Amino acid sequence: MMSEITVHVDGTPRRLTVDTRTTLLDALRERLGVTSPKKGCDHGQCGACTVLSGGRRVLSCLTLAVTQDGARVVTAEGLAARGRGDGGQRSDGGLHPVQRAFIDCDAFQCGYCTPGQVVSAVGMLDEFARGWPSAVTEGTRPPELDRAEVAERMSGNLCRCAAYVNIVPAVQRAAAESGPAAPGTEAAE
């Protein structure tokens, strides 16, 4: 069965007709040419396909495109445009603070998982800024963004190259440079 949907991808409304069994990942990559979300495992286990939908992290390989009719989906490509803030070019090329931190901390090797890692970090930092606890958050006190907290919150994103030693500091750096509000609070648009 075919269905016509409109998905706002990286700020641009995109209208398409999809089979109701089509995943958001396949619609993005194969129908719309948005290739930053990667097809890694196609089973929701690696996180390479992570995008933000309505400001929340979702695995696009497990999300049916028809469920995203009217949704605002942000990919790693869309984060760069949002990093400019005022719409003008910045000296850093308009990168989102998390993208800049990944570069500065050398938090990638082959780069295949990087778009999913970056998008997940943006969503995770938003969750952290909202005070959401994780499995390692102790008691009822506000969580601290220590190594264990970042590792737990990013555990759904795998890196075959094992760049974790630099991914965790990159996430911490992005949080520190963003100040009181985490970079991603604007993700809900």
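As a reminder, the structure under discussion sits directly above these lines.
Chains are numbered independently. Their residues run from 1 in the order of the written sequence. Residue-level local features of this predicted model are given only where pLDDT is at least 70; pairs of side-chain atoms are given and counted only at 80 or more, and the full residue set underlies all totals for whole chains, interfaces and linings. As a rule here, side-chain values come from all non-hydrogen atoms in the structure, and water together with hydrogens is ignored.

Undergrad: Would you mind going over the overall build of the chain with me for this structure?
TA: On a plain count of helices and strands, the chain comes out with six helices and five strands. For the purposes of this entry, the term helix denotes a DSSP run of H or I that reaches at least four residues, the term strand denotes a run of E that reaches at least two, and both are numbered from the N terminus. Starting at the N terminus and walking to the C terminus, you meet the elements of the chain as β-β-α-β-β-β-α-α-α-α-α. Only protein chains enter the accessibility calculation, which uses a 1.4 Å probe; a residue is then buried when its area is under 20% of its type maximum, exposed when over 50%, and partly exposed in between. Expressed as a percentage of the 189 residues in the chain, the buried residues total 47%. Contacts: residue pairs with any heavy atoms within 4.5 Å of one another. Contacts spanning at least 24 positions in sequence make up 55% of the contacts within the chain whose residues lie at least 6 apart. Surface exposure of the chain reaches about 9,200 Å², of which carbon and sulfur atoms provide 51%. Values of accessible area rely on a 1.4 Å probe in the Shrake-Rupley scheme; residue burial ignores everything except the protein chains shown.

Undergrad: Just to check I follow, could you spell out the layout of surface pockets for this structure?
TA: Left-over empty space is what a probe sized like a water molecule reveals as it rolls over the atoms. In this analysis, the protein atoms alone were mapped onto a 1 Å grid. Cavities are point sets where a 1.4 Å probe fits without being able to get out; pockets are open sets with protein on both sides within 12 Å along at least five of seven lines; lining residues have an atom within 4 Å of a point. Grid points are joined across faces, edges and corners, and a volume is the space filled by probe spheres set on the points. Looking at the largest pocket, its volume works out to about 230 Å³. If you go around the largest pocket, you meet 15 residues; those closest to its centre are Cys 46, Tyr 112, Cys 113, Leu 158 and Arg 160. Estimates place the volume of the second largest pocket at around 180 Å³. Elements with a contribution of two residues or more to the lining of the second largest pocket: β4 (56–59) and α4 (114–129).

Undergrad: Just checking my understanding: could you explain the pattern of salt bridges for this structure?
TA: Where charged atoms of side chains with opposite charge meet at close range, the side chains can pair. Between Lys or Arg on one side and Asp or Glu on the other, a salt bridge is scored when a side-chain nitrogen of the former is within 4 Å of a carboxyl oxygen of the latter. According to the stated counting rule, one finds 10 salt bridges in the structure shown. Between Arg 173 and Asp 104 there is a salt bridge; the shortest N-O distance is 3.7 Å. Linking Arg 173 in helix α6 (residues 164–178) with Asp 104 in helix α3 (residues 97–104), this pair joins segments that are 69 residues apart in sequence. Look at Arg 173 and you get partly exposed, because its relative accessible area is 33%. Residue Asp 104 is classed as partly exposed on the basis of its relative accessible area of 38%. Residues joined in a network through salt bridges with shared partners are Arg 100, Asp 104, Arg 173 and Glu 177.

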